[in-house]
Amino acid sequence: MKKTSIFQRVQSRILSHKIISIIIVIIILGGGYYTYGKITAANASPQYVLSMARLGTISQTVTGSGQVSAENQIDVTSEVSAKIQSIAVSIGQHVVKGQLLATLDAHDASISLESARIAYAKLVQPAKTGDLTNAQNSLIKAYNDGFAAVSSTHLDLPSIMTEAGDMLYDRNGFLSDQRALQLSSSARTYRETAGLSYDRALAQYEAALAQYKNLSRSSATSSIDSLITTTQTMTKSVAVMLQNLQNTITFVASAQPNYYADEAAAAAANVIAWSDQINSNLSSLISSQNSITSSSNSLDTLARGAEDLDVRSQRLSLQKAEEEYQKYFIRAPFDGIVGRIPVSVYSQASGSTVIATIVGDRKVANISLNEVDAAKVKPGQRVEIGFDAIDGLEAIGTVGQVDLVGSVSQGVVSYGVKIIISTADDRIKPGMSLNVSIITNEISDALVVPSSAVKTQGTRKYVEVFPSSVLSEIARESTEASGRSMATTTNRGMMLPGTISSSTRQFDGTPMTGRSMTITSATPPTQVTVTIGESDDTGIEILSGLEIGQLVVTRTIAAGSASTATTPNILSSIGGNRGGAAGGNTRMITR
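Residues numbered from 1 in each chain as written. Predicted model: local features only at pLDDT ≥ 70, side-chain atom pairs only at ≥ 80, totals over all residues. Heavy atoms only, no water.

Caption draft 1: Structural context of the overall build of the protein. Of regular secondary structure, the protein possesses twelve helices and 26 strands. When contacts within the protein are restricted to residue pairs at least 6 apart in sequence, long-range pairs at least 24 apart make up 77% of them. Carbon and sulfur atoms provide 52% of the accessible area of the protein, an area that totals close to 33100 Å². (Helix = DSSP H or I, 4+ residues; strand = E, 2+ residues; numbered from the N terminus. Contact = heavy atoms within 4.5 Å. Areas by Shrake-Rupley, 256 points an atom, 1.4 Å probe, with all protein chains shown as cover.)

Caption draft 2: Seen up close, the packing of helix H4 (residues 129-169) against helix H6 (residues 221-255). Relative to each other, H4 and H6 sit at 30 degrees, their axes nearing to 10 Å. In terms of orientation, H4 and H6 fall into the roughly parallel class. In this structure, the crossing between H4 and H6 has a hand that is left-handed. Its residues assigned to classes, the contact of H4 with H6 shows 18 nonpolar, six polar and one charged. (Axes fitted to C-alpha atoms, helices over the stretch in contact; angles between N-to-C directions. Parallel < 35°, antiparallel > 145°, perpendicular 65-115°, else oblique. Left-handed = near helix turned anticlockwise from the far one by under 90°. Nonpolar A, V, L, I, M, F, W, Y, C, P; charged D, E, K, R; others polar.)

Caption draft 3: Structural context of unusual backbone geometry. Despite not being glycine, Gln 410 shows a phi value in the positive range, around 55 degrees. On the secondary structure map, Gln 410 appears in the loop between strand S14 (407-409) and strand S15 (412-421). A positive phi angle, close to 55 degrees, is found at Asp 445, a residue other than glycine. Here Asp 445 shows up in strand S16 (residues 433-450).

Caption draft 4: Up close: the confidence of the model for the protein. For the protein, per-residue confidence averages 84 on the pLDDT scale, and 82% of positions sit at 70 or higher. The low-confidence segment residues 496-514, where pLDDT is below 50, has 43 contacts with residues more than four positions distant or belonging to other chains. Here residues 562-591 scores under 50 on pLDDT; set against residues more than four positions off or in separate chains, the count is 57 contacts. (pLDDT = per-residue confidence, 0-100.)

Caption draft 5: Looking closely at a nonpolar patch on the surface. On the surface, a cluster of nonpolar side chains totalling about 300 Å² of accessible area is made up of Ile 20, Ile 24 and Ile 28. As for its placement among the helices and strands, Ile 28 is situated in helix H2 (residues 18-43). Take Ile 28: its relative accessible area is 59%, and that puts it in the exposed class. (Patch = residues over 30% accessible without salt bridge, like charges linked within 9 Å, V, L, I, M, F, W, Y side chains within 5 Å. Salt bridge = Lys/Arg side-chain N within 4 Å of Asp/Glu carboxyl O. Buried < 20%, exposed > 50% of the residue type's maximum accessible area, 1.4 Å probe, protein only.)

Caption draft 6: Local environment of the sheet that holds strand S7 (residues 329-331). The four strands are arranged S7-S6-S4-S9 in an open sheet whose pairing can be described as antiparallel. Both outer strands of the open sheet, S7 and strand S9 (348-349), are each paired with one neighbouring strand and no more. Examined bridge by bridge, strand S4 (residues 82-87) and S9 share two bridges and lie antiparallel to one another. Counterpart to Lys 83 in the pairing with S9 is Gln 348. (Pairing = 2+ DSSP bridges.)

Below is the structure:
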């Protein structure tokens, strides 16, 4: 029997029990891996993610969602009843404010408009020479006729006044003082009234006669006007006196029929004849005075033009006729697209017939905000808009209006907000869903750090920064380990110009802008008290306590969790490449 070695026996047993042998190997390797992880974890230091304090913008926003709608959409209707003569647009056509949409039959309206234009033109046109001459001649004739009426009156009055006076005051007069003794008291009262009116008429007659004798047809028109007025007043008094005489005679004849019965009839007839003559004279005087007034007004109107009120009245009539005429030409009320045309040429339109529907160019968004957000929003604020249906389109707009009265639904108060979409894009259509961010406050050139960098302890706000010695040591060790040039730091922990290289890009000057740095350090950061201002979703404004360029801690990774990132895995152990840290207790990772 051949003698075998111990190794051969082990090898033979392993080959005969392959599966069991593999399991044993895995257990041994796993135990080694676990033991290694524990050892490295015990010696590992925590990691810190750093970001730079930089100048930036704090933008506070209110978000919401809603739908697109056209700001204006209206059915353009006819205001008059007429046949449609033409349609000047088509569906889908873009129109501008005032553009003609359709024309109605305006025959009657055009005639009315032309008549109003003629009437207005006649009223405001200057007087013609012939018209002025005719008016002047008419006025001269009216004055001549007036003087003639005065002359005729004074020709008739002497005999009337004399005979009426004789009837009252002559010894043999029908109503003389001597005969009046036979009259009753009532009759004497009538007779006294007639006598008093005669005395007044006689005084006026003598004054008017004196004025008449001093004038002629060639006298000044103002003198003739005065003469006509005086004569007319006097003639009225004479007419009243004669009426009183007639009343007296009538009463006496009725009450005392035997009183000089043979003279009563003649006396009554005389008074009636005198009254008829005086009334005729009075009518002529009034007519001549009216003629003078009318002729004078006509001449004045021609000389100075129409009265201002008459011109304004006729102008309003013309304006109304023009507005009525324009109703037969249907025009677009604003810029937009023709959405529909429900009528056709030669059809009959009434006062409410829809001629076309116009959809306005400008688009708006209507959203609803709760009372907290609505209190921050006001008209004029800038709005950023995104659309669910249009990838990549970032539109802008402004807040148009905010409802002053909220609506309550299930105990929640909300306010409607109208947003004017400024971006013109044909892809934006009414009904589309959108999301908006209303910028309620924006602070430019603010010193900003990430929100996670600011911590709170009671009422105190602070950030964590590393001493400059720690950052300098990290930079030195990284330089020695990798052979790459690093940025240096000041005594306030700020990065100075230098170069930090990565596998993708190179940063110089201000290497931390727009990126973070992860370091491993056994030395903990120190707390720096800061005063904060406004904040937004990502950053906080620092008012005091930091300077531009300082590095602040935004995240701390515990040592236990950090070790797993650097512990070699099983496969790397099998391959002999253990990886791990670059050595030492501090190191830098850029990302």
